[in-house]
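Take a look at the letters that make up each chain.
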Amino acid sequence: MKTIYTNLMLTVSLLLFSCSDKLNTDNPLMIEFDTPLQSVPFNKINTSHYKPAFEALLRSAGEELQHLTGSGEKATFSNTIEALEYLNYPIQRLSSVFFNINSAATSKEIQQIAQEISPMLTEYYNDITLNDLLFKRVKEVYDHRNNLQLNREQQRLLEDTYKSFVRNGANLTEQDKDEFRKVTGLLSKLSLQFEEHLLDETNSYQLHILNEKDLSGLPEYVTEAARMEAKAKNLEGWLFTLKAPSYQAFMKFADNRNLRKDIFMAYSSRCFHSDDKDNQEVIRQIVNLRLRMANLLGYKSYADYVLEERMAETPETVNDFLHNLLEYSKPSALKEYQEVQEYASRNGAEFKLQKWDWAYYSEKLKNEKFSFTDEMIKPYFRLENVEKSIFDLANKLYGIKFTEDQSIPVYHPEVKVYRVFDDDGSFLALLYIDYFPRESKQGGAWMTNYLEQYIMKGDDVRPHISLVLNFTKPTETMPSLLTYDEVRTFLHEFGHSLHSIFSKCTYMSQSGTNVYRDFVELPSQIMENWAEQKEWLNEVAIHYETGEQMPAVLLENILKSRNFNSGYAFIRQLGFGLNDMAWHTITDTVNKSVSEFEMTAMEPAEIFPVVPGTSFSTGFHHIFGGGYAAGYYGYKWAEVLDADAFSLFLEKGIFDKETALSFRENILSKGSTEKPMALYKRFRGHEPTVEPLIERSGLR
Ligand SMILES: [Zn+2]
C-alpha cells in the first residue's frame, strides 16, 4: 500500500519555518531541526506541539498566498507556478510527520488533533483551488506556455497546476460553479452515508453459535477468536461476524453448509433490504451526480474525467483491458470450477456448488494438492535474515548499501533507522523501519515519507522514508518469524521505498511516489517477483535453528500453490472492475434497479448462478465510499505492468545490473516528471502486454 495523505499534490524548505518567522523556541516544530540530516526531532516533540505549529504554518501560508495573488507584478512561471509549489512544502512536511504518527503511534489526543486539523487543511487547500485571482494568474502563465522556454519538468508542473484548478471547476461560469460546489458537496455526503450504512449493516449481524457441533471444521485459532468475541459481549458460546477475518474463516472452514449459506446471505445482502440502511437509492444518486459533475466540466462520463489523469487514459482502454483478460482467464476459471465440483462430489457433496461452497471445497482441495501450513514455513523466514536478504538484493541490483544509524531520533524505541548510500558512496536517503504491532498502530503495512525528495537552487534534498509493518514480535525464546506472504509484503513496501530512494526530480509534487494511481504499484509489485525465484528464495529461507535450507519439495509446493484457482481469482476481480466501469461510463441518468444494472454489467465474469436477494454494488465500498471510482481495474493493471517489466529481468537474468540500472533511470528516479507510458516504454522497449501475467498466473 502507498498512503497518500492529502489529495492536493502541490508541494519546501528543510525547515518548516523560514528565518523571518517569529520563533517560538519552546516548540521544536517551529525552529530549525538541529538533528543529524535535519531529521524529525521525535525525541523533542510532544503532542501539544502539533496544533500550534499547524496554525502558525497555515497562517503564514495564507499571508503568502495573499501576497502572491495581490501582487501587481506580471504573472510569471517563477512568481506564480513555482511560488505556489513551494508555498505548500512546509505544510506538506508537517502533515506527513503528524499523519504518520497518527497511523503508527496514535493516542486519543492525537486523534482529537487530527479531527481539528483536517478541516483546517481542507479549507486551506480549497482557498487555493477556488481562488479566482490566483487562477487568473495561473491561466495567464498557462496561456503563454509556448513562449516561456520551459524545460520538461517545468512544463509538466505548469500543466499539472493549471489542470488541478480546471478539474476543480475554476474555468466554469459563476452559475455552473455554484452547481459544481453543490454537486461535490452532495457527493461527499452521499459517500459518507454509503459508508455509514455499510458499517452499520456489517456490525449489526452476528452468528451466535451455542452448539459445539456447529463449529465442526473450524481450526482452533478461529473458534478461540469467536469465543473471545462472544465473551466481550457477555455471551455464552461463539460469535461470528461479517468482519473479514471472522467471515472469511467461517466460509473457508465450517462444515455446516446451512450456516455457511446464512452468513453468506447476510454478507451479500448488506444494505439491500429496502429499509433505512438501504444503499440502492444512494448509489443511483452518486452515479447520477458524478455524471452531472463530469458533464459540467465537459466530459462525456465520470470515467472519462477520472481516467484523463491515469495511465490508462480512456474508458475504452480500460474496458478492452478487462475483456481481454477475461478471455484468457474464464476458461481456466470454468476448469477450476469443474475440478472443485468433482472433488466435492467425490467427498460426499450431492449438490451443484453454490457461492457459499466455493471457499470451503477449494481450501480442502488445496490442502490435498499442496500439503503445507504457515507453521511449517515460518521457521525458515527469520526477520533479521529476510531484512538482510532484501538489502542484499537491492545491493546486487543497484549497488546500494544500508547502514544503521542509532543517532537519528525515533518516535518509538522499536523503530530502526538506516542511512542508504549509493554505489559511489554518496548519501541517498534515510529509511525508518517500524516492524511490530502495537495498540497505538493501525494494522497492515505502508510506506510514507517524512520528507520527500526535491532539488532547490542546485541542492538535492534527499528523502526521509518511513516503512511501517506489523510482523510478529520476537519473544525471549523465539525470534520474529515471517510467513511467506509477509516476506512478499516486506518486498512490496520496500519497492515503494526504492521509488523514493532513487528519486531525482526538481519538484516535490512530481518526485518519488507522487505518480498516477495505476502506476504507483509497479515499483512495489515488481519486487514481489523475486519471492517467486528459487535462486533468491534459497538465500532467504534458512531454518533459524538448524541453519538448513528449506527442503526443495516444500519450496516447490509454496510456489506451485500461488496459482491455485488463479483463474477464478482473476474473473472475480475482473467482475468488480466491470461493475465499476459500468456505473461510471453511463451517459444518461440511471433509474433502473441496482440488481438489474449490475447483473448485466458483471454477467461476462460470472460462473455461479445469481443468488436472488443479494447485491454486490450495495456493499462495494471501494467505488462508492472510497476513492476507487473508475479505478478498480488498477489492481489488475498494475499486475500486468509488474509481470511485463519483470519479464525483462527473466530474460536478462534476475540479478542483471544493466536491467536494474535502466529500471532505476527510467522509472524509479523519474517520479511523474513525464507521462508513465513514456517512461515505461523507455525501460521495456514497448508498451506492456498481458502475456507475462497470463504466463505467470498459469492461465495457459
Ligand atoms: Zn503498494
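Residues numbered from 1 in each chain as written. Predicted model: local features only at pLDDT ≥ 70, side-chain atom pairs only at ≥ 80, totals over all residues. Heavy atoms only, no water.

Some thoughts on helix 24 (residues 634-652)
Residues spaced three or four apart along an α-helix face the same direction, because each turn holds 3.6 residues. Cut-off, in case you're wondering: In DSSP terms, a helix is any run of H or I states spanning at least four residues, a strand is any run of E spanning at least two, and both are numbered starting from the N terminus. Take the number of residues in a helix, subtract one, and multiply by 1.5 Å to get its expected span. For each residue, the accessible area found with a 1.4 Å probe, counting protein chains only, is set against the maximum for its type, and the residue is called buried under 20%, exposed over 50%, and partly exposed in between.
Taking 1.5 Å per residue as the helical rise, helix 24 with its 19 residues ought to reach 27 Å, and the 28 Å between its terminal C-alpha atoms agrees with that figure. Judged by how many residues are buried, helix 24 sits mostly within the fold: 14 of 19 residues are covered. Two residues or fewer past helix 24, Gly653 is found with a positive phi of approximately 115 degrees.

Some details on the environment of Leu94
As for its position among the elements, Leu94 is in helix 3 (residues 89-104). Residue classification places Leu94 among the buried residues on the basis of a relative accessible area of 1%. When the C-alpha atoms of Leu94 and Val540 are compared, they prove to be 38 Å apart, with 446 residues separating the residues in sequence.

Remarks on the nonpolar core
Most often, soluble globular proteins keep nonpolar side chains buried together rather than apart. Rules: Remark: nonpolar core denotes a set of buried residues (Ala, Val, Leu, Ile, Met, Phe, Trp, Tyr, Cys) joined through side-chain atoms within 4.5 Å.
Ranked by size, the top nonpolar core spans 143 residues in total, and within it Phe381, Leu431 and Trp530 carry the most contacts. Top element by residues in this core is helix 13 (residues 315-346). It accounts for 10 residues. Counting residues in each nonpolar core, the second largest holds 62 residues, with Ala75, Leu84, Ile128 and Phe135 among its members.

Examining the packing of helix 1 (residues 50-70) against helix 5 (residues 132-143)
Under the convention used in this document: Each axis is a line fitted through C-alpha atoms, taken for helices only over the stretch in contact, and angles between the N-to-C directions span 0 to 180 degrees. Roughly parallel means an angle under 35 degrees; roughly antiparallel means over 145; roughly perpendicular covers 65 to 115; every other angle is labelled oblique. Should the near helix be turned counterclockwise from the far one by less than a right angle, the crossing is left-handed, whereas a clockwise turn marks it as right-handed. Here, residues are in contact when the closest pair of their heavy atoms is within 4.5 Å. All residues other than Ala, Val, Leu, Ile, Met, Phe, Trp, Tyr, Cys, Pro, Asp, Glu, Lys and Arg, Gly among them, are scored as polar; the first ten of these are nonpolar and the last four charged.
Direction vectors running N to C along helix 1 and helix 5 enclose 55 degrees, while the axes themselves pass 9 Å from each other. One finds that helix 1 runs oblique with respect to helix 5. The interaxial crossing formed by helix 1 with helix 5 has left-handed handedness. Residues Leu65, Leu68 and Thr69 of helix 1 lie in contact with helix 5, whose contacting residues are Leu133, Leu134 and Arg137. In terms of residue class, the contact of helix 1 with helix 5 is made up of 4 nonpolar, 1 polar and 1 charged.

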